[in-house]
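Chain and residue survey
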Amino acid sequence: MKEKLIRFMYGRYGVDSFGKFLTGFGFAALILTLFLPWRLFYLLAWAAIIYAYFRMFSKNIYKRSAENQAFLKYTSRIRSFFWKQKNLMAQRKTHHIYKCPSCKQKIRIPKGKGKIEIRCPKCHTTFIKRS
């Protein structure tokens, strides 16, 4: 069975970021229509899911790849914001992040060093904080 699926998908585009977004949006919209009786939203949800599957089984790889690149370009600011927030949360386990009082530059200091004097690498202002 697995071999048949692999043979069927050979030469087809498959799943990418835009397809995952369309599928997730479609299913979220379908769940939302259970609570809100909006017929247009219901049709939009099914259209998104059908288009996601059309893209997945498409043999026009160049066109689907261009659509995905346009989607990634359009959503790059949103994705980078969430990536930065995730990175900051991971760093907060081992480091303190302070802002320089004069230039507002973020400075990362390791935890557990006690009361230390911090020198800003940008404006060379010194200030004392607990790490």
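Everything that follows concerns the structure shown earlier in this document.
Residues numbered from 1 in each chain as written. Predicted model: local features only at pLDDT ≥ 70, side-chain atom pairs only at ≥ 80, totals over all residues. Heavy atoms only, no water.

Section: the overall build of the protein
Counting secondary structure elements, the protein contains 5 helices and 4 strands. Going from the N terminus to the C terminus, the protein shows its helices and strands as α-α-α-α-α-β-β-β-β. In terms of overall size, the protein is more extended than a compact globule, its C-alpha atoms giving a radius of gyration of 24 Å where 131 residues would be expected to give roughly 14 Å. Expressed as lengths along the three principal axes of its C-alpha atoms, the size of the protein is roughly 65 × 40 × 30 Å. When burial is assessed residue by residue, the protein has 24% of its 131 residues classed as buried. In the protein, once contacts between residues fewer than 6 apart in sequence are set aside, the share between residues at least 24 apart is 36%. Counting every atom, the protein has about 10400 Å² of accessible surface; 64% of that belongs to carbon and sulfur. (Helix = DSSP H or I, 4+ residues; strand = E, 2+ residues; numbered from the N terminus. Rg over C-alpha atoms; globule rule 2.2 N^0.38 Å. Buried < 20%, exposed > 50% of the residue type's maximum accessible area, 1.4 Å probe, protein only. Contact = heavy atoms within 4.5 Å. Areas by Shrake-Rupley, 256 points an atom, 1.4 Å probe, with all protein chains shown as cover.)

Some details on the pattern of salt bridges
Taken as a whole and assessed by the stated rule, the structure comprises 3 salt bridges. Across the pair R55 and D16 runs a salt bridge whose closest N-O atoms are separated by 3.0 Å. In this pair, R55 sits in helix 3 (residues 39–57) while D16 sits in the loop between helix 1 (2–9) and helix 2 (17–35), placing the two residues 39 residues apart along the sequence. Note on accessibility: R55 and D16 belong to one class, buried. (Salt bridge = Lys/Arg side-chain N within 4 Å of Asp/Glu carboxyl O.)

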